[in-house]
Structures are given as structure tokens and as C-alpha cells.
Amino acid sequence: MSGTIVILGVFVADTAYRAERPPRMGETILGNSFALGPGGKGSNQAVAAARAGGEVHFISRLGRDPFADMALKTWADAGVKPAVTQTGDGYTGAAYIFVEEASGNNAIIICPGVAGEISAADIEAQRTLIEAASVFVTQLEQPMQAAHHALKIARTAGVRTILNPAPAADIPPDMLALCDFVTPNESEAEGITGIPVVTVADAEAAADALLAAGVGAAIITLGENGAFFKDGARAVHVPVVSAGPVVETTGAGDAFSGGFATALAEGADPVDAVRFGCATAGISVTRPGTAPSMPSRAEIDTLIANPASD
Ligand code: RIB
């Protein structure tokens, strides 16, 4: 039986612009398309985990505005249970996302709005929820102090902890030591360890540095090259499972984290959970958008059972 997954994070409205290239400073260029949709790393991870079959509770803050309505509808549709404070004192956040037409790759500016004020007191108010979880997940779009406090509560209660250290930031060393799993991409791994990650061997060197910092296991996500897992006993490179042509990579890391958390909450071996996360991400990149691109459990299971299917 699956335990609950509690995710702390941020919802923002994604405003995604597809163009051949980003504008230079002072320049205006014509783009190819625009889309408005639900985003924010924590919310995307919650949607990914719920659509993958997890029982998911999401801790955050929203304003009282149309973007907040978008958040509540997104979570209701995906089956995410909100543990959210709404306030009229600020706005629900938004992200500017440039998507490069040729590659589907992206560059992002995020303004978290009222979720940028999530405090240790907000976390304390959700202590019981966190302590009862099987898996706790956070990222770094809300204040570091809130993530740190929640990780302490989870670790003390024996809840398995996952930190997706995105966006890149200076992480207090004692906070890393609270994490059973840390899931940086290549640039975030370099930001934390100082080791540039280009090859799988680089990923292993960065993983070694994270293990030395006290994390239980390091999982470096490597884009089209899958993910590299290392703990005290095993080092495994898990290749990506292609589900078709890449349309947009925005949110792929969130798809991975959500899928990984769901498999872990179901009791999967961590390396099998990494495979499940890679399959989740492999499907998400074949679709536009972030939260809307998260696959259903049936889609993930089909891809894992038939990895050659396109
Ligand atoms: O990881 C992708 C997400 O990062 C986007 O949805 C955007 O909102 C930013 O938070």
C-alpha cells in the first residue's frame, strides 16, 4: 500500500513564449506562439505525483486572484489535496518562460508572489501532515528557511526526504544532511559541488561530493541522458526512455521528481523509482507545458512495459 506524499512548494502561472531565440537587451522580436498555464516546480511535482498514482498533499500560499483560481482547478483536476493559505495581501506568482523553437529547451524567470513569504510558522502549522507522510518533497522556489524547517520535521519523524535543489542556491550544509535523496540537474549539481557536470563520470564525481556532504543518495538528472543514481552501496546510470519527439523540456525535472516520489511512496527500490521517474519525464517532454504535460499512471506503466513504443 502506498503512503502519502507531502510536497512543499510554489504554484505560479507559466507564461510560455516560443521563439527562434531570446531577445537581446533593448530588442523586441516576434515570437511564434504563447501559452498560459499552471506551473511552479512544487505544484508541477505535486501534479506529476498525483497523476502517477500518489496520494499527494501540497503545502503552499496563494493570493486571491485568477492565477489562484487556476491553481485550485489544476489541483482539483489532478487529485492534489491543497494545504494552502490564501491571502489578499499579495499576488499569486508567475513565470516568464522562453522556449527555444528548435530544441524545446527553456530559460525561466519566476516571481513567486505570496509563496515567496512561506515561513517556518506556515510549516509548523502543517507539522502533523508532514509527520504522517511516507515521503516529503521540496524545492527552493519558496524561502530556504521554510524548506529547511520542513526537512527537519520530516527527518525527525522518520519520513523519507527528497530535495530537488532548484533553482540553484547556496544550501546550508546541515540542510543537505537532512536529505535522503537530492535530485539536482547538471547545473544545479555544479552549483552545489563546484564540479561541472557534462559526462556521466562528472555526475558520479558530483554525486560523491553530495554523499560526502551527508545526503543519503544523489540522483543527478542528465536531460536526454537520463539520470545517475549513487548511494553508499550502488552507482547506477539509468538511461532515458524515449516516448517520442521532444516538444518542450520545461518541467521535465518536475515530472522526474513527482514520478520518483510516487514510486518511492509505493515501496519501490530507489533505483526502480529512478526508472519510473525517467519514464514520467520521458513522456512529459513530448508535450507542451509543464503541469499539463504530466502523464497518467497508465501511460507511464505502458512506456515502462514497452520502452520501444513511440
Ligand atoms: O520546472 C519548471 C517550472 O519552473 C515552470 O513551471 C516554472 O513555473 C518554474 O517554476
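As a starting point, this report considers the structure included with it. (Residues numbered from 1 in each chain as written. Predicted model: local features only at pLDDT ≥ 70, side-chain atom pairs only at ≥ 80, totals over all residues. Heavy atoms only, no water.)

1. Quick word on the side chain of Asp122
Then, in step 1: Turning to its location among the elements, Asp122 is positioned in helix α3 (residues 120–124).
Then, in step 2: Separated by 3.0 Å, the side chains of Asp122 and Arg61 make a polar contact.
Then, in step 3: Separated by 2.9 Å, the side chain of Asp122 and the backbone nitrogen of Ser119 make a polar contact. (Helix = DSSP H or I, 4+ residues; strand = E, 2+ residues; numbered from the N terminus. Polar contact = N/O pair within 3.5 Å; in protein donor to acceptor, adjacent residues only side chain to side chain.)

2. Quick notes on the packing of aromatic side chains
Then, in step 1: This structure, assessed with the given rule, holds six aromatic pairs.
Then, in step 2: Each ring, one from Tyr17 and one from Tyr96, has its centre 5.7 Å from the other, and the planes form 40°; the classification is tilted. Placement of Tyr17 in strand β2 (residues 12–19) and of Tyr96 in strand β6 (residues 92–100) is noted, with a sequence separation of 79 residues between them.
Then, in step 3: Measuring from ring centre to ring centre gives 5.2 Å for Phe181 and Phe260, while their planes differ by 80°; the resulting arrangement is edge-to-face. In this pair, Phe181 sits in strand β10 (residues 181–182) while Phe260 sits in helix α9 (residues 252–265), placing the two residues 79 residues apart along the sequence. Accessibility classification places Phe181 together with Phe260 in one group, the buried group.
Then, in step 4: In textbook terms, an aromatic cluster arises when at least three aromatic residues are bridged by ring pairs, as seen for Phe11, Phe58 and Trp75. (Phe/Tyr/Trp six-rings, centres within 6.5 Å; stacked < 30°, edge-to-face > 60°. Buried < 20%, exposed > 50% of the residue type's maximum accessible area, 1.4 Å probe, protein only.)

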